[in-house]
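This is what each chain is made of:
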Amino acid sequence: MLSPLCSQRLHAARQQCFRSPASLKQQASLSRPVKTQAVAQQSTTVQSLEALKTWVASKGVAVDKLSVEQDITGGQTILVAAKDVPAGETILQVGDAAWLSIEAVKKHPLASAVAGFEPWLQIALILLAEKFGSGKSEWAAFISSLPEQLDSPLFWNEEQLGMIKGTQLLQSVMGYKAFFTSKFTEVSAVLPGRAPSAFGPSVLTPERFMWTVGTVRARLHAPLDGADTALVPLADAVSHRRAPNTTWKVKAAGLFGRGRALAVEATRPIRKGEALCMDFGAAKPDSDVMLDYGVLDTINTRPGYSLTLSLPDTERYLDDKLDILEANGLAQSSTFALAPGGSPPEAMMGFLRLMQMQGSDAFLLESLFRADVWGHVCQPISEGNEKAVCATMIQGARAALAGYPTSIAEDTALLRSGAVAKGSREEAALLIRLGEKESLDSCLRFFEERQALMSTLEFYQERRLKRLGLMDDKGNTTYDGFFDKGIA
């Protein structure tokens, strides 16, 4: 997932709950169609992908189980099964000798020039030099197969960005752009001095740098992301679908298993001629996949809203609360996924109650309760605490929904009208902003209903008294029986 990229830009973009971005200079009308490009893995031609397939085969890779075809529905160049493939069978296995990895970078003539940067950035810089420089290497076939135009919102124009005004996606786009701008400033201050012929002013430009890092981001998949980053030619041409039929697996390969290979493995039986696809972000909402990869499965959508909750540094009980969070796999700033029609995750409810824990409830922070406190906060603690949680979330959700220029009803009507071109950027923008709003609306309704039912909730003290046998299931005390029976 390009961990430095994702963690830094998402934290910056989502640091505040329900924050709305600044207005764009130009805003598109959301009630009329906008001419857009198709949203898919575009621009790769059949010829260039066939050439890449031939190059990969020259590296000793068996490619007989896949073919290159033009998708008749979207017009995109895709990989399809050349024969029936049973579940669990490897369709393509690319050895690490064909990867553009940090190990390959170390063997490149420009290795010393790019040394010291993050692994993903070193790979991007080598790709930039190979693509736009005068010298061409063995990677020419791979680089020629890369699309010239990318569909991530990072590359949308002002009018198109206006279609996602008010969305969390736009916040993330701004965060990405700020991050990449800082990285360009960093490398442009160093590289021309280290390798002036390779990274001169005609090669190292903001536009070319942006294309390169966007390309790297769009072709990285687990498990070859983060610190163990590599681009895998041909394997990275598999399409994105939320109902995938393949997955990536890294296996030992070579003499005595000292090398590695990336296997594209069938997760279910695949018929001859069926498109090979994988889920680019199984744990991600559509907005994150669109941002990182520039693709969207419009048939099987996964709408969502990523809510980041943070304990302020000024929190009175910060150390105690951080100890509790860390013991349960959470951090001072933690992100939770909201989805339409669903209840907030239990861990999110626990975080919220812990955030609001003050006054008479703070006794649960004592070391005496440390082993059990998370179980307590995952259930209502007190009426005051639960009211504070509900009020905070209701206020935040309403403010976030008010930041969108269109309502759920308006977007739904536009989607059903048929006026939006299938596979267009407008369709992607519409589905993503509608999904965000539906997720927020579900969250708002949950906490509004919870607020209305506050008197029916059972809080910590009631649960404790019941465990001690001092309260019955109807909420009546049993103290009097102690005296009647001579117990006390």
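Just so we're clear, the structure is a prediction, and the values are computed from it rather than from any experiment.

(A) Geometry of the packing of aromatic side chains. Summed over the entire model, instances satisfying the criterion amount to 12 aromatic pairs. Between Trp120 and Phe180, the aromatic rings sit 6.4 Å apart at their centres with planes inclined by 65 degrees, giving edge-to-face as the arrangement. With Trp120 in helix α5 (residues 119-132) and Phe180 in helix α8 (residues 168-188), this pair connects stretches of sequence that are 60 residues apart. With respect to class, Trp120 is no different from Phe180; both count as buried. Their ring planes at 55 degrees and their centres at 5.0 Å tell us that Phe280 and Tyr293 sit as a pair that is tilted. Placement of Phe280 in the loop between β9 (277-278) and α11 (286-293) and of Tyr293 in helix α11 is noted, with a sequence separation of 13 residues between them. When sorted by exposure, Phe280 lands in the same class as Tyr293, which is buried. Clustering of aromatic rings is evident, with ring pairs tying together Trp120, Tyr176, Phe179 and Phe180.

(B) Expanded view of the nonpolar core. Ranked by internal contacts, the top residues of the largest apolar core, which has 90 residues, are Leu79, Leu92, Leu125, Phe199, Phe209 and Leu234. The biggest single contributor to this core is α5, with 9 residues. Ignoring sequence-local partners within four residues, the contact set of Leu92 consists of Val61, Ala62, Val63, Leu66, Leu234, Ala235, Leu262, Ala263 and Val264. Core analysis: the second largest hydrophobic core is formed by 41 residues, Ile324, Leu365, Tyr404 and Cys443 among them.

(C) The sheet that holds strand β7 (residues 246-253), seen in detail. One open sheet holds the 3 strands; their spatial order is β3-β8-β7, and the pairing between them is antiparallel. Strands with a single pairing partner mark the edges of an open sheet, and in this sheet they are β3 (90-95) and β7. Direction aside, neighbouring strands of the sheet carry axes that sit 25 degrees apart on average. Where β3 and strand β8 (residues 259-266) come together, 5 bridges link them in antiparallel fashion. Bridging across to β8, Val94 finds its partner in Leu262.

(D) Molecular detail of the packing of helix α13 (residues 346-356) against helix α17 (residues 425-452). It is the contact of α13 with α17, at a shortest axis distance of 14 Å, that shows an interaxial angle of 60 degrees. By the angle class used here, α13 and α17 are oblique. The element α13 and its partner α17 pack so that their crossing is right-handed. Seen from α13, the contacting residues are Met348, Met349, Leu352 and Arg353; seen from α17, they are Phe446, Phe447 and Arg450. Here the contact of α13 with α17 is built from residues that sort into 5 nonpolar, no polar and 2 charged.

(E) Just the pairing of strand β10 (residues 305-310), in detail. Burial runs high along β10: 5 of the 6 residues are buried. Relative to strand β11 (residues 333-338), β10 is paired through 6 bridges, and the arrangement is antiparallel. When the sheet's bridge partners are listed, Leu309 is paired in β11 with Ser334.

(F) How the structure looks around unusual backbone geometry. A cis amide bond, omega 10 degrees, links Ala222 with the succeeding residue Pro223. Position of Pro223 among the secondary structure elements: in the loop between α10 (206-218) and β5 (230-231). Even without a glycine there, the phi angle at Leu234 is positive, about 75 degrees. Its location among the elements puts Leu234 in the loop between β5 and β6 (239-240).

Here is what the cut-offs are and how they apply
- Residues numbered from 1 in each chain as written.
- Predicted model: local features only at pLDDT ≥ 70, side-chain atom pairs only at ≥ 80, totals over all residues.
- Heavy atoms only, no water.
- Phe/Tyr/Trp six-rings, centres within 6.5 Å; stacked < 30°, edge-to-face > 60°.
- Helix = DSSP H or I, 4+ residues; strand = E, 2+ residues; numbered from the N terminus.
- Buried < 20%, exposed > 50% of the residue type's maximum accessible area, 1.4 Å probe, protein only.
- Core = buried A, V, L, I, M, F, W, Y, C linked by side-chain atoms within 4.5 Å.
- Contact = heavy atoms within 4.5 Å.
- Pairing = 2+ DSSP bridges.
- Axes fitted to C-alpha atoms, helices over the stretch in contact; angles between N-to-C directions.
- Parallel < 35°, antiparallel > 145°, perpendicular 65-115°, else oblique.
- Left-handed = near helix turned anticlockwise from the far one by under 90°.
- Nonpolar A, V, L, I, M, F, W, Y, C, P; charged D, E, K, R; others polar.

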